[in-house]
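A closer look at the structure
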Amino acid sequence: MTPPELSVVVPVFNERDNIPPLLEEIVAALRGRTSFEIVYVDDHSDDDSLAVLQALKVRVPELRVLHHLSRSGQSTAVRNGIKAARGAWIATLDGDGQNDPADIPRLLAARDDAAPEVKLFAGWRVDRRDSGSKRWASRWANRIRARILRDDTPDTGCGIKLLERAVFLDLPYFDHMHRYLPALVQRAGWKTVSVPVAHRPRTAGVSKYNNLGRALVGLRDLRGVAWLIARSRRTRIEER
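What counts and how
Residues numbered from 1 in each chain as written. Predicted model: local features only at pLDDT ≥ 70, side-chain atom pairs only at ≥ 80, totals over all residues. Heavy atoms only, no water. Pairing = 2+ DSSP bridges. Helix = DSSP H or I, 4+ residues; strand = E, 2+ residues; numbered from the N terminus. Axes fitted to C-alpha atoms, helices over the stretch in contact; angles between N-to-C directions. Contact = heavy atoms within 4.5 Å. Buried < 20%, exposed > 50% of the residue type's maximum accessible area, 1.4 Å probe, protein only. Salt bridge = Lys/Arg side-chain N within 4 Å of Asp/Glu carboxyl O. Left-handed = near helix turned anticlockwise from the far one by under 90°. Nonpolar A, V, L, I, M, F, W, Y, C, P; charged D, E, K, R; others polar. Arc of directions from axis to C-beta.

Turning to the sheet that holds strand β3 (residues 63–67), a few remarks are in order. Sheet architecture is open: 7 strands sit in the order β3-β2-β1-β4-β6-β5-β7, paired in mixed fashion. In the strand order of this sheet, the two ends are held by β3 and β7 (191–197), each with one partner. In this sheet, adjacent strand axes meet at a mean angle of 20° when their direction is disregarded. Bridging between strand β4 (residues 89–92) and strand β6 (residues 161–164) involves 4 bridges; their strand directions are antiparallel. Across the sheet, the residue bridging to I90 is L163, located in β6. Each of β1 (6–12), β2 (36–42) and β3 is contacted by helix α2 (residues 49–56), which is oriented at about 155° to β3, the strand it contacts most. Strands in contact with helix α4 (residues 104–113) are β1, β4, β5 (118–125), β6 and β7; relative to β7, the strand with the most contacts, it is inclined by about 145°.

Once that is clear, we can look at unusual backbone geometry. Even without a glycine there, the phi angle at N14 is positive, about 55°. Considering the arrangement of structural elements, one finds N14 in the loop between β1 and α1 (19–30). Positive phi is not limited to glycine here, since H44 has a value of about 55°. Along the chain, H44 turns up in the loop between β2 and α2. For H44, a relative accessible area of 32% puts it in the partly exposed group.

This brings us to the pattern of salt bridges. The final tally for this structure, using the stated rule, is 15 salt bridges. A salt bridge links R16 to D48, with the shortest nitrogen-to-oxygen separation between them at 2.8 Å. You can see R16 sitting in the loop between β1 and α1 and its partner D48 sitting in the loop between β2 and α2, a full 32 residues away along the chain. Residue classification places R16 among the partly exposed positions, given a relative accessible area of 31%. Its relative accessible area of 33% is what places D48 among the partly exposed residues. A salt bridge links E25 to R200; its shortest N-O distance comes to 2.8 Å. With a gap of 175 residues between them, E25 in helix α1 and R200 in the loop between β7 and α8 (211–230) connect regions that are remote in the sequence. Using a relative accessible area of 31% as the deciding quantity, one classes E25 as partly exposed. Salt bridges sharing partners connect three or more residues here, namely E15, D96 and R202.

The next subject is the packing of α1 against α2. α2 packs onto α1 with a crossing angle of 40° between their chain directions and a minimal axis gap of 10 Å. The way α1 lies across α2 gives a crossing that is right-handed. Between α1 and α2, the contacting residues are I19, P20 and L23 on the first element and S49, V52, L53 and L56 on the second. Each residue belonging to the contact of α1 with α2 can be placed in one class, and the counts come to 6 nonpolar, 1 polar and no charged.

Before going further, it helps to examine α4. Listed in full, the buried residues belonging to α4 are I104, P105, L107 and L108. When α4 is viewed along its axis, its buried side chains cluster within an angular range of 160° and face the same direction. The secondary structure elements touched by the buried residues of α4 are β1, α1, β4, β5, β6 and β7.

For the rest of this paragraph, the subject is the environment of L6. Relative to the helices and strands, L6 resides in strand β1. Taking relative accessible area as the criterion, L6 reaches 1% and is therefore assigned buried. Each C-alpha atom of the pair L6 and I38 lies 8.6 Å from the other, and the pair is 32 residues apart in sequence. In this view, L6 contacts L30, S35, F36, E37, G87, W89, I90, A91, I104, L108 and L162; residues no more than four positions away in its chain are not counted.

In structure tokens, the structure reads:
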């Protein structure tokens, strides 16, 4: 079987009402444009997200469903989805419906116009549709992260990204790594680009994070990523 050109990886936890409309939007954005598969990773949801996904496989032949036997977190779900993916390039989306799949072609177009050393195209939510407190917390987190990591990325927390599968699998793995992909890709010797994308309010379900919890974990991870960058001696090589 010929592998698809693109794999769309979507981690979900208790998102049963967001799954059908988001899946339809992904198909509408990509069918007829490129060969693709959609890899949903259910992080051991408490609701019937898994049953909803399994039922949708009948209508969407591009859909593949992975299921964690125990809850493992978003970074692990993203990583397992990418490991299972068959495409050379990966598009990631949050499962809450706030990312617009119509932006995936925009990321693909940016990739086609970019230099070959650019391996990550990160979504940049220029018009955030979150609560005021969440936008404030995110703004300060981005400022602190940018000052310490110098990753030249205005919005590292945006869920919609396009990246090369092989590059991702070569990155160091740790919980919450998905929040630091631009810095980690740059650490590996590649370049990244931020692309303005849409952002939508959540219409179903509830957020799985709170501002305090996100901040406490983020400070610990930020120190770890800064240490990784400081200790890096990696470079790209070529055969001569």
